[in-house]
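Read off the chains here:
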Amino acid sequence: GENVEQHPSTLSVQEGDSAVIKCTYSDSASNYFPWYKQELGKRPQLIIDIRSNVGEKKDQRIAVTLNKTAKHFSLHITETQPEDSAVYFCAANPTGGGNKLTFGTGTQLKVEL
Amino acid sequence: SAVISQKPSRDICQRGTSLTIQCQVDSQVTMMFWYRQQPGQSLTLIATANQGSEATYESGFVIDKFPISRPNLTFSTLTVSNMSPEDSSIYLCSVDGTGQETQYFGPGTRLLVL
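Computed from a predicted structure; not experimentally measured.

Criteria and thresholds
- Residues numbered from 1 in each chain as written.
- Chains lettered and ligands numbered in written order.
- Predicted model: local features only at pLDDT ≥ 70, side-chain atom pairs only at ≥ 80, totals over all residues.
- Heavy atoms only, no water.
- Pairing = 2+ DSSP bridges.
- Helix = DSSP H or I, 4+ residues; strand = E, 2+ residues; numbered from the N terminus.
- Phe/Tyr/Trp six-rings, centres within 6.5 Å; stacked < 30°, edge-to-face > 60°.
- Buried < 20%, exposed > 50% of the residue type's maximum accessible area, 1.4 Å probe, protein only.
- Contact = heavy atoms within 4.5 Å.
- Salt bridge = Lys/Arg side-chain N within 4 Å of Asp/Glu carboxyl O.
- Nonpolar A, V, L, I, M, F, W, Y, C, P; charged D, E, K, R; others polar.
- Core = buried A, V, L, I, M, F, W, Y, C linked by side-chain atoms within 4.5 Å.
- 1 Å grid on protein atoms, 1.4 Å probe; cavity = no way out; pocket = protein on both sides within 12 Å on 5 of 7 lines; lining within 4 Å.
- Points joined across faces, edges and corners; volume = space filled by probe spheres on them.
- Disulfide = S-S within 2.5 Å.

**A word on the pairing of strand 5 (residues 45–51) of chain A**
Residue and element names in this part refer to chain A. Note that strand 4 (residues 32–38) and strand 5 share 6 bridges and pair antiparallel. When the bridges of strand 5 are listed, Tyr36 appears paired with Leu46. Turn length for the strand 4-strand 5 hairpin, with the two strands adjacent in sequence and antiparallel, is 6 residues, and the turn residue Gly41 shows positive phi of about 80 degrees.

And the structure:
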């Protein structure tokens, strides 16, 4: 089945700096890669997603890049703010999964003032 | 996106008992999923709730322990049976969005088993 690895597990940045979180996946047939943000005590919220027919997608300060050959995708947050502090999860859809998602292990992002 | 609610939001239960968690959506959805999130961990898929047929369980999860119902396109239940402290976790339902692969999560049910 699909295996999704995520790095780093924790990331601390200064406010205004950029943050990058990386994920690799094992199933070459996966074609959908969402990112979720989970604040403490809250539900995971979809923040951005990308499909395998594009290499990059941007939404204001957030961008996701996808390298299908290398089977990895990354989340980029620019001009980080304290409210970006949360746990971020990447995910991928396994082949024949019927829209299931396999999640990465999560990255705890802390934006320091 | 759909508005998703879960009941109860939290509960404290005694070992050996069972708890049924409800997931309600304000619009019809094709797919509903149930996840477990243990403290400080990622999300693990328990099963896909199929309308009109039995749920599809992931490896390591069985129907006797986690029976699921899906009576219509807006509602599902997950029962955690014969609970032990190891079942203490957050249980989340999710539903598919307009992009089909996209999933949106309910607020979760925080379960503590003593």
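Structure's up, so let's keep going.
**Some words on the packing of aromatic side chains**
All names here are of chain A. Considering all chains together, one arrives at 10 aromatic pairs over all chains under this definition. Here the aromatic rings of Tyr25 and Phe33 are separated by 4.7 Å at their centres, their planes lie at 45 degrees, and the arrangement is tilted. For Phe33, a relative accessible area of 0% corresponds to the buried category. The interplanar angle of 55 degrees and the centroid separation of 6.0 Å between the aromatic rings of Tyr25 and Phe73 together place this pair among those described as tilted. Of this pair, Tyr25 sits in strand 3 (residues 19–25) while Phe73 sits in strand 8 (residues 72–77), and the two are 48 residues apart along the sequence. Here Tyr25 and Phe73 have matching classes, each one buried. An aromatic cluster is built from Tyr25, Phe33, Trp35 and Phe73, whose rings are joined through pairwise contacts.

**Observations concerning the interface of chain B and chain A**
Listed by partner, the interface residues are 22 residues for chain B and 19 residues for chain A. Applying the counting criterion to the chain B and chain A interface returns 1 salt bridge. With a closest N to O distance of 3.0 Å, Glu58 of chain B and Lys100 of chain A form a salt bridge. Among the secondary structure elements, those contributing two or more residues to the side of chain B that touches chain A are strand 4 (32–37), strand 5 (44–49) and strand 10 (103–105) of chain B. Tallied by class, residues from the side of chain B that touches chain A come to 10 nonpolar, 9 polar and 3 charged.

**Some points on the nonpolar core**
The biggest cluster of nonpolar side chains holds 25 residues, and the ones touching the most others in it are Trp34, Ile46, Phe66, Ile68, Leu78, Tyr91 and Leu111 of chain B. Counting residues per element, the ones that place at least two in this core are strand 3 (19–25), strand 4, strand 5, strand 8 (75–80), strand 9 (89–96) and strand 11 (109–113) of chain B. Beyond its immediate stretch of four places on either side in the chain, Leu111 of chain B contacts Asp11, Cys13, Leu19, Val80, Met83, Asp87, Ser88, Ser89 and Tyr91 of chain B. Counting 23 residues, the second largest nonpolar core, distinct from the first, contains Ile21, Ile62, Phe73 and Ala92 of chain A.

**A word on unusual backbone geometry**
Trans is the prevailing form of peptide bonds, just as negative phi is the prevailing case for residues other than glycine. At the junction of His7 of chain A and Pro8 of chain A, the peptide bond is cis and its omega measures out at -5 degrees in the coordinates. You can see Pro8 of chain A is positioned in the loop between strand 1 (4–7) and strand 2 (10–14). Looking along the chain, the bond that leaves Lys7 of chain B and enters Pro8 of chain B is cis, with omega of -10 degrees. Tracing the backbone shows Pro8 of chain B in the loop between strand 1 (4–7) and strand 2 (10–13).

**Some words on the layout of surface pockets**
One water molecule sets the probe size; rolling that probe over the atoms shows where empty space is left. Each pocket or cavity is described by its volume, and for the largest pocket that value is around 420 Å³. Elements with a minimum of two residues in the lining of the largest pocket: strand 9 (86–92) and strand 11 (107–112) of chain A together with strand 9 of chain B. Top contributing element to the lining of the largest pocket by residue count: strand 9 of chain A, with 3 residues. Counted by class, the lining of the largest pocket contains 6 nonpolar, 14 polar and 3 charged residues. Approximately 310 Å³ is the volume attributed to the second largest pocket.

**Quick word on the state of the cysteines**
Here the structure, examined in full by the defined rule, presents 2 disulfides over all chains. Here Cys23 of chain A pairs with Cys90 of chain A through a disulfide, and the sulfurs are 1.9 Å apart. The sign of the S-S torsion, about -100 degrees, decides the handedness of the disulfide formed by Cys23 of chain A and Cys90 of chain A: left-handed. Of the two residues, Cys23 of chain A is situated in strand 3 and Cys90 of chain A in strand 9; the sequence distance between them amounts to 67 residues. Residue Cys23 of chain A shares its accessibility class with Cys90 of chain A, and that shared class is buried. Among the cysteines around Cys13 of chain B, which has no disulfide bond, Cys93 of chain B carries the closest sulfur, lying 18 Å off.

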